[in-house]
Amino acid sequence: MPAFSLDPAQITWCAELRVLAADHLAPLAAKGEPGRVNRPLVAALGELGLLARLFDAGALDLCLLRESLAQVCTEAETALALQGLGTHPVAAFGTDAQRARWLPEVAAGRAVAAFALSEPGAGSDAAALALDAVPDGRGGWRLHGEKRWISNAPEADFATVFARTTQGAGARGVTAFLVPADRPGLGGEPLDMLSPHALGTLTFDGVAVGPEDLLGEPDRGFRVAMHTLNLFRPSVGAFAVGMAQAALDAAVAHTAARPAFGGVLADLQAVSHRIAEMATRTEAARLLVYAAATAYDSGDPDVPRRSAMAKLLATETAQYVVDAAVQVHGAAALQRGHLLEHLYREVRAPRIYEGATEVQRAIIAKEMYAKHATGTPQASRQEVGSA
């Protein structure tokens, strides 16, 4: 890690996190059922104090946490990140009663959260979401429709749900609700994905929500979503950096020891130069992630652009580094159970969720032209969905 951006306490903390992940979290992850919420793993994250850290950590701490866990146990990293993503709207916009009910349960690892934004017809274009919130005539609403590609669905204990309360208003007509899992009319089913995480659908058949379930104000839910994504987007990059570092470490160790052509693979210039490229790209991505997180923590108005750049570069870099690590390992890396086989499946999704690579480029370009026109950074209105 770059010494100039991390102090000794942060470096020590990252090392401690990797030890915790190896000793306590990875064994629990290995016992989990593919495609299902691993509640013992979530409980361990709570017992170790890592979930509570989500509510008082800044963006840089969140990035260090996710990067460190990802180097050792991607399942633990993902479980923690999803708890943060689903719960942050409650922590930031919830009522006192909502926070008292759910935050202690999440921090202790007893409650599982979901962030329900994406839909079959509204992924990257989150402002086009169609889950319908119909007024019930008594000050509340009835939710009708479907959410898809929702992490921890349908097993989560509650979900932050974004619904359309005003038709034809785009982003201005979206409202955020806290919906407990036991609400009548709420259903769903798991989805079988390439990387077997707990991912599924949520279906809403007249699910009742009232003013006490609001997160923020009516028709201001897009602000809730973007506030959450702007915090978590750099940390998606940190997750990617952690995977890239794990793949790079494996590639260095393998090529330094693997006999080939009378020496070892590292003696071949084509191989050693590939390792150098992997290392350089990983470090560049790490620094951009740290810069974006620091900008968020300092209140920099340029956060949307910096966050988009960090996620874009880090996720694309991780894809390159993992693929290159597989290449220098050869067929062994594609055997089921190999670290790189695991990372090869894990690394693909971050280029899509919380804003696909193409949308990040659109955000960056829009911010650049807005700054050119006005001389100051402006928050981009076109933002993106998340599972």
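Everything numeric in this text was worked out from a predicted model, so none of it was measured.

Asks: What is the right way to read the overall build of the protein chain from this model?
Replies: A tally of regular secondary structure across the protein chain gives eleven helices and ten strands. Based on the C-alpha atoms only, the size of the protein chain along its principal axes is roughly 80 × 55 × 40 Å. In the protein chain, which comprises 387 residues, the proportion classed as buried is 52%. Residue pairs at least 24 apart in sequence account for 75% of intrachain contacts in the protein chain once pairs closer than 6 positions are excluded. Carbon together with sulfur atoms contributes 55% to the accessible area of the protein chain, which is approximately 16000 Å² in total. Within the protein chain, the 42 negative side-chain charges are centred at a point lying 3 Å from the centre of the 34 positive side-chain charges.

Asks: I keep staring at the nonpolar core and nothing clicks. Help me out?
Replies: Residues Leu 25, Leu 143, Phe 162 and Phe 177 are the most contacted members of the largest nonpolar core, which totals 108 residues. The leading source of residues in this core is helix H7 (residues 221-257), at 17 residues. In this view, Leu 25 contacts Leu 20, Leu 41, Ala 44, Leu 45, Leu 48, Leu 50, Leu 69, Cys 73 and Ala 76; residues no more than four positions away in its chain are not counted.

Asks: Would you mind showing me how to read the pattern of salt bridges here?
Replies: Pairing between side chains becomes possible if they bear opposite charge and their charged atoms approach one another. If you walk through the whole model with that rule in mind, you get 18 salt bridges. Arg 66 is paired through a salt bridge with Glu 77; the nearest N and O atoms lie 2.3 Å apart. With Arg 66 in helix H4 (residues 59-72) and Glu 77 in helix H5 (residues 74-93), this residue pair connects regions lying eleven residues apart in the sequence. The pair Arg 66 / Glu 77 is uniform in exposure class, with both members buried. Among the salt bridges present, the one from Asp 302 reaches Arg 305, with a minimum N-O distance of 2.4 Å. We note that Asp 302, like Arg 305, is buried. Through salt bridges with shared partners, a single ionic network connects Glu 67, Glu 283 and Arg 286.

Asks: Hey, could you run me through unusual backbone geometry in this one?
Replies: What you tend to see is this: most non-glycine residues have negative phi, and most peptide bonds are trans. The linkage connecting Ala 153 with the following residue, Pro 154, adopts the cis geometry, with an omega of 0 degrees. Here Pro 154 lies in the loop between strand E3 (141-151) and strand E4 (158-164). Here the phi dihedral of Asp 219 falls at roughly 65 degrees; this positive angle occurs in a residue that is not glycine. Mapped onto the secondary structure, Asp 219 falls in the loop between strand E8 (214-215) and H7. Its relative accessible area of 25% is what places Asp 219 among the partly exposed residues. A positive phi is found at Phe 261, a non-glycine position, where the angle reads about 55 degrees. Considering the arrangement of structural elements, one finds Phe 261 in the loop between strand E9 (259-260) and strand E10 (263-264).

Rules of the game
Residues numbered from 1 in each chain as written. Predicted model: local features only at pLDDT ≥ 70, side-chain atom pairs only at ≥ 80, totals over all residues. Heavy atoms only, no water. Helix = DSSP H or I, 4+ residues; strand = E, 2+ residues; numbered from the N terminus. Buried < 20%, exposed > 50% of the residue type's maximum accessible area, 1.4 Å probe, protein only. Contact = heavy atoms within 4.5 Å. Areas by Shrake-Rupley, 256 points an atom, 1.4 Å probe, with all protein chains shown as cover. Lys, Arg positive; Asp, Glu negative; His and termini not counted. Charge placed at Lys NZ, Arg CZ, Asp CG, Glu CD. Core = buried A, V, L, I, M, F, W, Y, C linked by side-chain atoms within 4.5 Å. Salt bridge = Lys/Arg side-chain N within 4 Å of Asp/Glu carboxyl O.

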